[in-house]
Amino acid sequence: MHAPLPTTDAKITAHEFCLFFGKIQALRNITLDVRRNSILGIIGPSGSGKTSFLRAINRLNDLHPACHTEGLLQLDQTDIYHPQCDPVALRKRIGMVFALPIPLPLNIYENVVYGPRLGHHCPPRAELDMLVERSLRAAFLWDEVKDRLHTSGLRLSGGQQQRLCLARVLAMQAEVILLDEPCSGLDPISTAKIEEALTTLKAQHTIVLVTNNTKQAARVADETAFFLMGELVEHGPTQKLFTVPDDPRTNDYVTGRFG
Amino acid sequence: MRVPPKYTQMAAITLLGGATLLTLAVLVFIIAFVLEKGLPGVTWTFLSAEPQDMGRAGGIFPIIVGTLLLPLLALVIALPLGVGSAVYLCEYTRETRLTRVIRFGTDCLAGIPSIIFGLFGLVFFVGILHLGWSLLSGGLTLAIMILPTIIRTSEEALRAVPYAYREVSCSMGATRWETVRRVVLPNALPGIVTGVMLGLGRCISETAAVIFTAGTVAAMPTSAFDSVRTMAVHFYLLAREGISNEKAYGTAAVLILAVLLVNLAAYWMMHAFIRRRAR
Ligand SMILES: Nc1ncnc2c1ncn2[C@@H]1O[C@H](COP(=O)(O)OP(=O)(O)O)[C@@H](O)[C@H]1O
Ligand SMILES: [Mg+2]
């Protein structure tokens, strides 16, 4: 087994990475890099392991009792699954937006400051206020909620809730943002707002976007990976993957000819 | 022949509505009956004076104090233990055979008649630990008695909090405890309060276990090692020994009003909490 090439440009590196839920193998020998300050789009039919891969990056699969991994998964060249890696500290560096918008049952303000408030040193109020405004602006939600920051996050519309979830992740000032089909239940306008946010956010963050909408990947992703039944079929610049893919299965999927 | 839905619907509404009405009517009748017989005897003197001549005359002040102290002590002991165990079982352990055995055990314990707990308290706290018939023995016994109820209702309340909230909190870098404290417990609070009120109700209305462990001395307790008498016990003794029907109903009226008040206070506090959290 040879070591992964030391490309300092890579924020996340997977090398021959496998993931098991008990006897079920959800990921098979995934090898790919996610470049710093880029958006990696992950596409593939459902059940192909996209969500599992995202949740492997922030070790959320650990919550599953029978989950174990093989191979290597690195963040900034350090092994995410090393016994000495603290998953809590790791997750503070990696934000995640889930497929369904799940605001915590708190008011909008408290939702946004949930991350920054964790741990031992809670920032002062003024700093939190600033953080809330900045995060909500970046998620294109500020104008809609600035007058009702203290109403419950559950009172927002679905699209607003998902942008709140994005703002919540931004307030964590995480290095990596994982999004799992964040627009699957949203209207086109909310979707456009989230996509616009993502393209500006990659200046500060590294983004992995799982999407069931190949057009969305084509619009926002710098590179795209195609997953199929737990395997990485193809990974390359978005443009190339959508126009001249190497693998016929990729071609079938992106042209919509896939069963 | 099929009955058209319109009629089954009407029948259902009538039956269910009737059942509700009947329950309410019985409840109102009992409360009205006791208050009607008891309230005339509830005067300021009755509330503030010591009982005299075994309760034939005077008031019930030390007994009110005993009714406040004993369940309070039981709660102070049982609440942290019960909620703590529920949090441990629900948030810190995976579902295994052991947790199922523990759950089955608590279910069984919750169904055991209180007199058994009383007997245990008498043997263990009063006898072996030499705590005597005292506030402390009674409080410990009642705490053990309501512990299973508090554990089970708290556990149900914790389980009712959506799993997704835990996942979200965890994904933001919260430790398990931070998740429990900031998300799970506040959302489970209404259910936990319900369990606590059930337990409190059992403590306030308990007679047998209290007589066995806290004694029946109707005087002001000066320490945790003094015997106390609760209103339920007082009522039982007055009525049972035929000491004074008037004083017995007076005590019952105060007891009912007290329970009503405690429930209202808990209800109000819980709603204030929920409103403050998510407006
Ligand atoms: N918690 C789990 N327990 C068992 N199997 C799981 C679990 N999560 C995912 N899997 C399995 O892993 C495979 C990949 O699922 P997933 O990552 O959710 O795919 P996708 O997100 O691409 O739809 C599926 O076969 C699924 O059954
Ligand atoms: Mg998925």
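Keep in mind it's a predicted model, so treat the numbers as computed, not measured.

Caption draft 1: Layout of the overall build of chain A. When its secondary structure is counted, chain A shows 11 helices and 10 strands. At 18 Å, chain A has a C-alpha radius of gyration in line with the 18 Å of a compact globule built from 259 residues. Judged by the C-alpha coordinates and their principal axes, chain A covers about 50 × 45 × 35 Å. Within chain A, the proportion of its 259 residues that are buried is 55%. Taking all contacts inside chain A whose residues are at least 6 apart in sequence as the whole, residues at least 24 apart take part in 66%. Accessible surface, chain A: about 11,400 Å² in total, of which carbon and sulfur atoms supply 54%. Counting 27 positive and 28 negative side-chain charges, chain A places the averaged centre of each group 4 Å from the other.

Caption draft 2: Quick peek at the site of ligand 1. Residue and element names in this part refer to chain A. Every residue close to ligand 1 is listed here: Phe 21, Ala 26, Pro 45, Ser 46, Gly 47, Ser 48, Gly 49, Lys 50, Thr 51, Ser 52 and His 64. Here an oxygen atom of ligand 1 and a backbone polar atom of Gly 47 are 2.6 Å apart. Gly 49 has a polar backbone atom sitting 3.1 Å from an oxygen atom of ligand 1. Within the complex, the protein chains bury 64% of what would otherwise be the 560 Å² of accessible surface of ligand 1. In terms of residue count, the dominant contributor to the shell around ligand 1 is helix H1 (residues 50-57) (three residues).

Caption draft 3: Summary view of the pattern of salt bridges. Evaluated as defined, the whole model comprises 26 salt bridges over all chains. Two residues, A:Glu195 and A:Arg219, come together in a salt bridge whose shortest N-O distance is 2.7 Å. Of this pair, A:Glu195 sits in helix H8 (residues 188-201) while A:Arg219 sits in helix H9 (residues 214-220), placing them 24 residues apart in sequence. The class of A:Glu195 is buried, set by a relative accessible area of 9%. Of the charged contacts in the structure, one is a salt bridge between B:Glu155 and B:Arg152, with a shortest N-O distance of 3.4 Å. Of the two residues, B:Glu155 and B:Arg152 both sit in helix H6 (residues 135-159), three residues apart, roughly one turn of that helix. Here the residues in one salt-bridge network are B:Glu95, B:Arg103, B:Asp107, B:Arg152, B:Glu155, B:Glu156 and B:Arg159, joined through shared partners.

Caption draft 4: Highlighting the packing of helix H5 (residues 125-138) of chain A against helix H7 (residues 158-171) of chain A. Residues and elements named next belong to chain A. Interaxial distance between H5 and H7 falls to 8 Å at its minimum, and their mutual angle equals 130°. The angle between H5 and H7 places the two elements in the oblique class. Crossing of H5 against H7: the hand is right-handed. Residue-level contacts link Leu 131, Ser 135, Leu 136 and Ala 138 of H5 to Leu 164, Ala 167, Leu 170 and Ala 171 of H7. When the residues that make up the contact of H5 with H7 are grouped by side-chain class, the tally is seven nonpolar, one polar and no charged.

Caption draft 5: Geometry of the nonpolar core. All names here are of chain A. Phe 17, Ile 30, Phe 53 and Leu 73 are the most contacted members of the largest nonpolar core, which has 87 residues in total. When neighbours within four sequence positions are excluded, Phe 17 is seen to be in contact with Leu 27, Arg 28, Asn 29, Ile 30, Ala 56, Thr 69, Glu 70, Gly 71, Leu 72, Leu 73 and Tyr 81. Tyr 109, Ala 167, Ala 197 and Leu 209 belong to the second-largest nonpolar core, a separate cluster that totals 35 residues.

Caption draft 6: Highlighting the environment of B:Asn245. Residue and element names in this part refer to chain B. The topology assignment puts Asn 245 in helix H11 (residues 245-277). Residue classification places Asn 245 among the exposed positions, given a relative accessible area of 55%. As for Asn 245 and Val 3, which are separated by 242 residues in sequence, their C-alpha atoms are 54 Å apart.

Caption draft 7: How the structure looks around the packing of aromatic side chains. All names here are of chain B. A full pass over the atoms with the stated rule returns 10 aromatic pairs over all chains. The interplanar angle of 10° and the centroid separation of 6.5 Å between the aromatic rings of Tyr 88 and Tyr 92 together place this pair among those described as stacked. In this pair, Tyr 88 and Tyr 92 are both assigned in helix H3 (residues 61-92), four residues apart and thus about one turn of the helix distant. Ring centres 6.3 Å apart and planes at 75° place the aromatic pair Phe 235 and Tyr 249 in the edge-to-face group. Linking Phe 235 in helix H10 (residues 231-240) with Tyr 249 in helix H11, this pair joins segments that are 14 residues apart in sequence. Among the aromatic residues, ring-to-ring pairing joins Phe 29, Phe 33, Phe 235 and Tyr 249 into one connected group.

Rules used throughout
- All residue numbers here refer to positions counted from 1 along the written sequence of the relevant chain.
- Note on labels: chains are lettered from A, ligands numbered from 1, in written order.
- With the structure being a predicted model, the display of local features is reserved for residues of pLDDT at least 70 and the display and counting of side-chain atom pairs for 80 or more, all residues being used for whole-chain, interface and lining totals.
- The basis for every side-chain value is the complete set of heavy atoms in the structure, and neither hydrogens nor water enter the calculation.
- For helices the rule is a DSSP run of H or I covering at least 4 residues; for strands it is a run of E covering at least 2, with both sets numbered from the N terminus onward.
- The quantity called the radius of gyration is restricted to C-alpha atoms. Its globule counterpart is 2.2 Å times the number of residues to the power 0.38.
- Only protein chains enter the accessibility calculation, which uses a 1.4 Å probe; a residue is then buried when its area is under 20% of its type maximum, exposed when over 50%, and partly exposed in between.
- Residue contacts follow a heavy-atom distance rule, with two residues in contact if any of their heavy atoms lie within 4.5 Å.
- Reported accessibility uses the Shrake-Rupley method at a 1.4 Å probe radius. Residues are deemed covered only where the shown protein chains occlude them.
- We count Lys and Arg on the positive side and Asp and Glu on the negative side, and we leave His and both chain ends out.
- The atoms used to mark charge sites are NZ of Lys, CZ of Arg, CG of Asp and CD of Glu.
- If even one non-hydrogen atom of a residue comes within 4 Å of a molecule or strand, that residue is called near it.
- The term polar contact refers here to a pair of N or O atoms within 3.5 Å; inside protein, the definition further demands a hydrogen-donor-capable atom paired with an acceptor-capable atom, and it admits residues adjacent in sequence only when both atoms are side-chain atoms.
- For this document, the term salt bridge refers to a Lys or Arg side-chain nitrogen within 4 Å of an Asp or Glu carboxyl oxygen.
- To define axes, lines are fitted to C-alpha atoms, for helices over the stretch in contact only, and angles between the resulting N-to-C directions are given on a 0 to 180 degree scale.
- Under this scheme an angle from 65 to 115 degrees is roughly perpendicular, one under 35 degrees roughly parallel, and one over 145 degrees roughly antiparallel; angles in between are oblique.
- Crossing handedness is defined as follows: a turn of the near helix away from the far one that is anticlockwise and smaller than a right angle gives a left-handed crossing, while the clockwise case is right-handed.
- Residue classes follow a fixed rule: Ala, Val, Leu, Ile, Met, Phe, Trp, Tyr, Cys and Pro count as nonpolar, while Asp, Glu, Lys and Arg count as charged, and any other residue, Gly among them, counts as polar.
- Residues enter a nonpolar core if they are buried and are Ala, Val, Leu, Ile, Met, Phe, Trp, Tyr or Cys, with the set joined through side-chain atoms within 4.5 Å.
- Centres within 6.5 Å are what make two rings of Phe, Tyr or Trp a pair, Trp counting through its six-membered ring; a difference in plane orientation under 30 degrees is then read as stacked, over 60 as edge-to-face, and the rest as tilted.

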